[in-house]
Amino acid sequence: MFNNFFISIQEKRNIMSKYNFWLLILSIILFIFSLILIQSDNFYKLNFKEFSFSEIKQNPFYVIFSSMCGFKILVSDFLWMDIIQYIGDRNNAKTNYKELYPKTMNLITIDPNFTYAYLAVSGILMFELKEIDKAIELIKKGIENNPKYWQLNLYLAAYTYSKGGNIKMAVHNIEIAVIQEGHPPMLERILGNMYVKLSEIEKPYKDFWMEKAKNLWWYMYHHPLEELNKKYAEEHLKKYGFMKYN
Amino acid sequence: MEKKQFKKTLAVAQNVLNECIRHKILNILFIFAIAIIGGNFIIKELSPGAEHRTLIDAGYVNIEIFGFLALLFSIFIITYEEFEMRNIWITLTKPISRTTYFLGKFLGICLILFLNISIMFFLLMLLALLNGINLNINYLLIIASIFLELVVAIAFTLLFTVISSNLITGMIFSFFLFLIGHLTEHLKILINKEGTTPILKIILYIIYYLMPNLSLFNLKDKVYSIEGLFPFDYILKILIYASLYSVICLIISSLVFKKKEI
Amino acid sequence: MLAIETRNLSKIYISGHFWNKRKTVAFKNINLKVKQNQVYGLLGLNGAGKTTLMKILLGLIFPTEGEAFILGKKVSDIEVRKNIAYLPEMPYFPKYLTPLEILDFYGRLYEIEYKKRKEKINTSLELVGLYNKRNVKLKEFSKGMLQRVGIAQLLINDPKLLFLDEPTYGLDPLATKEMRSIILMLKKSGKTIFLSSHQITEVQQICDKIGILHNGSIINEEKVSNIKGSLENYFIKKINLQPSTAGVIYR
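Residues numbered from 1 in each chain as written. Chains lettered and ligands numbered in written order. Predicted model: local features only at pLDDT ≥ 70, side-chain atom pairs only at ≥ 80, totals over all residues.

Quick look at helix H3 (residues 114-127) of chain C now. Residues and elements named next belong to chain C. Across its 14 residues, H3 extends 20 Å between first and last C-alpha, which sits within 8% of the 20 Å expected from 1.5 Å per residue. Buried-residue contacts for H3 involve helix H2 (99-109) and helix H4 (143-155). Immediately downstream of H3, the backbone of Gly-129 shows phi near 75°, a positive value. (Helix = DSSP H or I, 4+ residues; strand = E, 2+ residues; numbered from the N terminus. Expected span 1.5 Å × (residues − 1). Contact = placed C-beta atoms within 7 Å.)

The next subject is the packing of helix H10 (residues 185-201) of chain A against helix H12 (residues 227-239) of chain A. Residue and element names in this part refer to chain A. Axis separation between H10 and H12 bottoms out at 9 Å; the angle between their running directions is 15°. On the basis of the axis angle, H10 is roughly parallel to H12. For H10 against H12, the interelement crossing comes out left-handed. Counting all contacts with H10, which are made through Pro-185, Glu-188, Arg-189 and Gly-192, the residues of H12 involved are Leu-228, Asn-229, Tyr-232 and His-236. Looking at the contact of H10 with H12 residue by residue, the classes come out as 3 nonpolar, 3 polar and 2 charged. (Axes fitted to C-alpha atoms, helices over the stretch in contact; angles between N-to-C directions. Parallel < 35°, antiparallel > 145°, perpendicular 65-115°, else oblique. Left-handed = near helix turned anticlockwise from the far one by under 90°. Nonpolar A, V, L, I, M, F, W, Y, C, P; charged D, E, K, R; others polar.)

Here we come to the environment of Asp-172 of chain C. One can find Asp-172 of chain C in the loop between strand S8 (161-165) and helix H5 (173-188). Residues Asp-172 of chain C and Ile-70 of chain C, spaced 102 residues apart in sequence, show a C-alpha to C-alpha distance of 32 Å.

Another point: the sheet that holds strand S10 (residues 209-214) of chain C. Residue and element names in this part refer to chain C. The strand order across the open sheet built from 6 strands is S7-S8-S9-S4-S10-S11, with neighbouring strands paired in mixed fashion. Each edge of the sheet is formed by a strand with only one pairing partner; in this case those strands are strand S7 (84-87) and strand S11 (217-223). Between one strand and the next, the sheet's axes are offset by a mean angle of 15°, whatever the strand orientation. As defined by bridge partners, strand S4 (residues 39-44) adjoins strand S9 (residues 192-196) across 4 bridges and the pair is classed as parallel. Of the residues in S9, the one forming a bridge with Val-39 is Ile-193. Sheet strands in contact with helix H7 (residues 231-240) are S4, S10 and S11, and its direction is about 35° off that of S10. (Pairing = 2+ DSSP bridges.)

To continue, consider the interface of chain B and chain A. Of the residues lining the interface, 41 residues belong to chain B; the matching set on chain A comes to 35 residues. Only helix H3 (51-84), helix H7 (167-183), helix H8 (187-192) and helix H10 (232-259) of chain B provide two or more residues apiece to the side of chain B that touches chain A. Considering each element in turn, the side of chain B that touches chain A owes the most residues, 11 residues, to H10 of chain B. Broken down by class, the residue content of the side of chain B that touches chain A amounts to 24 nonpolar, 8 polar and 9 charged.

Let's shift gears to the confidence of the model for chain A. Summary statistics for chain A give a mean pLDDT of 85 and a share of 87% for residues scoring 70 or more. Here residues 1-7 of chain A is a poorly scored stretch, pLDDT under 50, and it has 2 contacts once near neighbours within four places are set aside; other chains count. (pLDDT = per-residue confidence, 0-100.)

Among the nonpolar cores identified, the biggest contains 183 residues, and Ile-174 of chain A, Ile-154 and Ala-155 of chain B together with Leu-57 of chain C are the most heavily contacted of them. With 16 residues, the top contributor of residues to this core is helix H6 (residues 137-163) of chain B. Looking at which domains feed residues into this core, each of domain 1 (57-166) and domain 2 (184-246) of chain A gives three or more. If near-sequence neighbours (up to four positions away) are discounted, Ala-155 of chain B is found in contact with Tyr-245, Ser-246, Cys-249 and Leu-250 of chain B. (Core = buried A, V, L, I, M, F, W, Y, C linked by C-beta atoms within 7 Å. Buried ≥ 20, exposed ≤ 12 C-beta atoms within 10 Å, placed from the backbone. Domains from an automatic or database assignment.)

The subject of this paragraph is the pairing of strand S5 (residues 65-70) of chain C. Within a regular strand, the side chains alternate between the two sheet faces. Residues and elements named next belong to chain C. Relative to strand S6 (residues 73-74), S5 runs antiparallel, the two being bridged by 2 bridges. Residue Phe-69 lies in a different strand from S6, and its bridge partner there is Lys-74. Counting the residues that bridge the hairpin from S5 to S6 gives 2 residues, and of these Leu-71 lies at a positive phi of roughly 50°.

Okay, structure coming up:
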């Protein structure tokens, strides 16, 4: 260690110049190390994916602009406003809103997590424009990009049921939805009712469906999201003999 | 750093802060930024179903853009007065080293940025609360990452203004580097592409490491793709990255500034 | 200990492009010795290199060759600057600050403690007649008032050595008289003053010794008391005895 009394200020400054140089070298080494550390980070690996430019068919401008300034979500917000304007323009009805699906695909390519777009546009495709397959394809893309967003599974359940009365597919999707956090308590009651309906429709598999219903009701009884769910579960467990009356 | 040197650094920083706060251009820019953020209140009406999202997204983008413009203007004002109006002649003949002066300038610009961003963020959060948006710590982490990104921008802008003979050239370089910094991550597509030759790969890797990777600080684009809060260890890593990049720029700048003829 | 000393000091500017560089010699082999408690006037034509020499002594630019010392220390020594002060030609200050703020800033750089600093600032402002305008923004000041702020910042650290570059440039006769009286007051209090000026009559009234910088060297140094007749005639005579180029340009 240096003794301050025996080092003049000028000598101290010479040491500082050398110190700056070595500090620079050390900073560069640590900097490269920090970049490597970031690249091995899980959050980075999951969320900082390269943008696949080939996916954008209609408007590469949006991709480049959103990437260049880091405004991906704002560009997707503006694309959503564009879709709203498009839907709101009655002239487009003449062509059956043919640009609606491509515009939405552009939006979800830039921002795959814009969940409201999947819900709203698929609903329009399904119920207004009767483009059922496109609606289902859109919702499936939404689920692929947002696996924990229960509303998408619910919508898929509704669409598949509307398409061909496929109650089993609807049940499958609602089962996925009730696992997600934040789902409405009513959904569990609906699922229970659907299990009972399936047990009546598919008589050879009655026991299978009733077992599922029983497990669901017991879960609802012990972990109710609301009081109504507990009452419902208790009622049904007693009705079907899974719980004794007091 | 010695206590006396630190006091002088603070003195320079305070001087820079006072000068920039009172400057008309910055005040006008600031008022404009506030107006735009307030205007988001109207913009969100154009986005039914995604009003909350649009309000927040546009707010953050405005903060980032105006934050960058504010730092560019601040550096321009201070450097212009220093060199074109020879304000720096008297200051550098006082017992202050060029490094201390330069660090004080950097600190002063950071303080201005912090002030601007804090007020804009406060306004945005107020608007969010009035619109019934549930706030969580992610919003604070996003603004912190924007602040870190702009601190890196201050460091490389100061580097360019010191290196270049012309102030405007330095500003232009800084502006383009800010844009390129967001594209750095996409260089990887070229690096990993099959047709890329080894020599080109090396060059691209060098560019990738040299350029500031500003997309690392872009948490606002990730807020809808994550569950829960942003991981704190990632925030710590980008803080370290920002600190080291800024330190490197500042060391090079101060070494150049020491040898610069005023 | 000499106030200012230079040893073979040279400054050569290099300009132009990589393939077409040009060298401009500001001055070569200057050996200047300025004693303490003296007012030294550096005279020369426009572009002679007076400001360049002063900037080298202040550490704002760097010599190509040679060394320079102020108060016995190298010009690169920051600590020695606690004892010097500088007033440039047409001083400019941050326009949105007030005299009080800018002087406080300089006082902090001189490491003057708060109470003492406040006292010195008030004294300096009173001396230059700006005490009543201490809280007015500098952008509202006239050229003469800015010059007075420049003088005020010269005084706050009670320096041993002052550098004045064209101290009376652009001032009206009354302001010039005030400046002259301040410089004479500083001279009486034993300070060393190094000034450069075109105002030959002012130099004759203030300075103890003059040096003439011409054609890249100090061609003449003389005590003002030894100069018979007007300094202006003396200056012109000395300049005319030299070849007429100002600066030397060669590739």
